[in-house]
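# Working through the structure, step by step
Here are the chains, one letter per residue:
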Amino acid sequence: MSTLLRMPQNESELILNAPKRKEILKEGPPRNIRNNILGKGAYGTVIKAVYKGKSVAVKIVNNLDDCNHQTMRNESHVLGWRHINIIRIFKVEISMNFAIVIMERFLGHCLQQVLNCTELPLKHRVYITLDVLAALMYCHKRNLLHMDVKPQNVMITWANNENPLNKCYTCKLCDFGSSVKISEQTTTTKGIIKGTVRYMAPEALKEEYLTSSADIYSLGITLWQMKYRRLPYHWLECNEMVAYQVVKNNLRPTAWPSRKPINNSPSLSYQCFWSKTLVDFSENPSKSAQNIIKASKTPLGTLDESLDPETMFQAGNATVNPIKEQKYDDLYIRCWHNDCSRRPSGEVLTKDLKELL
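Residues numbered from 1 in each chain as written. Predicted model: local features only at pLDDT ≥ 70, side-chain atom pairs only at ≥ 80, totals over all residues. Heavy atoms only, no water.

Looking at an unreviewed UniProt entry, one finds the protein named Protein kinase domain-containing protein, with Glossina brevipalpis as its source organism.

Below you can see the structure in the form of structure tokens.
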């Protein structure tokens with residue numbers, strides 16, 4: 001049984017009622033919301049707000065072209081879904097100029113930020129993969145491919161867990177803007193390139209028919225990255241060259257010495273520097289944390305330690321088991337097999353991962 005540490009409501013947060021949503025869809029992000037901004041990027045702005053009494057993150061997308069319109073429609077594929085390992089989407093609205101996606105908001109980091117600052121012991125790499133795999137299997141059973149599995153799209157939400165695994169977090173798969181509905185008759189689809197090139201399966205790069213194994217391939221690349229903490233094919237700067245080498249020469253990531261942690265700002269424990277973050281980007285993280293502690297009745301020292309990635313994942317304290325590490329390597333290598341029919345299914349991968357615990 002687990003309880004996510006969600007963000008407390010703030011009196012200054014935007015109340016996202018019907019008139020306010022209509023105003024945003026017509027004019028874009030409201031003025032004077034600097035303290036409510038969670039992130040900004042070329043795609044638009046993410047702000048914190050209150051929707052039907054819940055603290056939420058609202059993605060406001062501007063400069064809508066045909067591609068952005070399709071991305072917003074793809075986000076609605078998981079509208080109303082309830083799964084512990086999938087980000088909840090409460091509402092998607094699209095107008096001629098702007099679109100909004102209303103999502104749940106909680107305390108945590110994206111996986112990429114965790115990898116930037118600490119190494120992950122084997123058991124935590126396995127726990128994270130099992131959570132992401134559970135999300136993917138749920139999607140696949142509902143004829144949906146995510147098509148953009150990567151560390152930036154995995155949120156790690158701290159939780160008060162009561163389980164024998166000593167796992168104090170839950171992982172959620174986010175950003176379904178590249179997702180693809182599969183035909184129930186053929187269980188395959190053919191379409192334009194979607195996702196992030198360095199994580200894409202060869203059949204996706206070649207715009208061939210896709211199956212759930214395309215997501216398994218991307219998950220395999222993510223498993224490699226969780227171990228070596230480097231951008232896949234980091235020695236190649238050009239994405240076009242990556243795509244060419246993957247398709248023509250069956251190029252895959254290879255073993256590299258693990259990166260040293262990046263020096264992060266003191267507020268790392270409360271922020272995720274992912275442009276699409278759902279984490280509270282408060283100007284006063286200490287005060288924000290104290291509010292959460294008060295709401296969850298958790299002692300200050302306990303929450304401070306649990307929010308630090310290095311402490312949370314017990315980095316540096318785990319004993320390396322060479323045999324299990326080799327089995328872990330074998331798993332991700334099987335995931336990125338060039339023949340999609342020879343990649344493991346979600347069920348097989350789940351079984352093999354659990355044997356590593």
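## What to know about the environment of L349
Assignment of secondary structure puts L349 in helix α12 (residues 346-354). With sequence-adjacent residues up to four places away left out, L349 is seen in contact with L133, I216, L219, L331, C335 and P344. (Helix = DSSP H or I, 4+ residues; strand = E, 2+ residues; numbered from the N terminus. Contact = heavy atoms within 4.5 Å.)

## Digging into the pattern of salt bridges
This structure, assessed with the given rule, holds 12 salt bridges. Across the pair E23 and K20 runs a salt bridge, and its minimum N-O distance is 3.5 Å. Within this pair, E23 and its partner K20 are both found in helix α1 (residues 18-27), separated by 3 residues, close to a single helical turn. For D329, the salt bridge goes to K227, with nearest N and O atoms at 2.8 Å. In this pair, D329 sits in helix α11 (residues 322-335) while K227 sits in helix α6 (residues 213-228), placing the two residues 102 residues apart along the sequence. D329 sits in the buried class, given a relative accessible area of 12%. The buried category is assigned to K227, whose relative accessible area is 18%. (Salt bridge = Lys/Arg side-chain N within 4 Å of Asp/Glu carboxyl O. Buried < 20%, exposed > 50% of the residue type's maximum accessible area, 1.4 Å probe, protein only.)

## Comments concerning the nonpolar core
Counting residues in hydrophobic clusters, the biggest one holds 79 residues, and the most contacted among them are I128 and I156. Per element, the largest residue contribution to this core is 12 residues, and it comes from helix α4 (residues 122-141). Split by domain, this core shows at least three residues from each of two domains, domain 1 (14-104) and domain 2 (108-255 + 307-355). Among all residues touching I156, those that are not within four sequence positions of it are L107, G108, H109, L111, V114, I128, Y169, T170, C171 and F313. Core analysis: the next-biggest nonpolar cluster, separate from the first, contains 15 residues, L14, I24, Y51 and V58 among them. (Core = buried A, V, L, I, M, F, W, Y, C linked by side-chain atoms within 4.5 Å. Domains from an automatic or database assignment.)

## Side note on α6
With 16 residues, α6 should cover 22 Å at 1.5 Å per step; its first-to-last C-alpha distance of 23 Å lies within 8% of that length. Among the 16 residues in α6, 16 count as buried, and that is most of the element. A positive backbone phi angle near 60° is found at R229, which sits one or two residues after α6. (Expected span 1.5 Å × (residues − 1).)

## Brief notes about the confidence of the model for the protein
This prediction gives the protein a mean pLDDT of 81; 75% of its residues lie at or above 70. Confidence, read as mean pLDDT per element, is least for helix α8 (residues 285-296) in the protein (36) and greatest for α12 (98). Low pLDDT, under 50, characterises residues 262-306; the predicted model gives this stretch 93 contacts beyond four residues in sequence or across chains. (pLDDT = per-residue confidence, 0-100.)

## Things to note about the UniProt feature "binding site: ATP" (unreviewed entry) in the protein
In the numbering adopted here, UniProt assigns the feature "binding site: ATP" (unreviewed entry) to K59. Note on placement: K59 falls in strand β5 (residues 54-61). (UniProt positions renumbered as here; feature names shortened; annotations may be inferred.)

## Focus: the side chain of S178
Summarising the element assignment, S178 is placed in the loop between β11 (169-173) and β12 (180-181). Classification of S178 by relative accessible area gives buried; the value is 15%. Setting aside residues no more than four positions away along its own chain, S178 makes contact with N74, H146, M147, D148, K194 and G195.

## Some points on the pairing of strand β6 (residues 89-94)
On a regular strand, each side chain points to the face opposite its neighbour's, so the side chains alternate between the two faces of the sheet. In terms of strand pairing, β6 meets strand β7 (residues 99-104) through 5 bridges, oriented antiparallel. Bridge pairing links K91 to I102 in β7. Where β6 folds back on β7, the antiparallel hairpin that results is connected by 4 residues. (Pairing = 2+ DSSP bridges.)

## A short note on unusual backbone geometry
A positive phi angle is found at K52, which is not glycine, with a value near 50°. Its identity is not glycine, yet N143 carries a phi of approximately 60°, on the positive side. When you line up the elements, N143 lands in the loop between α4 and β9 (144-145).

## Considerations on the environment of K351
As for its position among the elements, K351 is in helix α12. Judged by relative accessible area, which is 52%, K351 ranks as exposed. Between the alpha carbons of K351 and L130 there is a distance of 9.6 Å; along the sequence they are 221 residues apart.

## Overview of the packing of aromatic side chains
In total, this model carries 5 aromatic pairs according to the counting rule given. Summarising the aromatic geometry, the rings of W81 and Y138 are spaced 5.5 Å apart at their centres and angled 75° between planes, so their arrangement reads as edge-to-face. Of this pair, W81 sits in the loop between α2 (66-75) and β6 while Y138 is found in helix α4, placing the two residues 57 residues apart along the sequence. Residue W81 shares its accessibility class with Y138, and that shared class is buried. An angle of 50° between the planes, with centres 5.0 Å apart, marks the rings of Y332 and W336 as tilted. Y332 sits in the buried class, given a relative accessible area of 5%. A residue is classified by how much of its surface remains accessible, and W336, at 7% relative accessible area, is buried. An aromatic cluster of at least three residues, connected via ring pairs, comprises Y328, Y332 and W336. (Phe/Tyr/Trp six-rings, centres within 6.5 Å; stacked < 30°, edge-to-face > 60°.)

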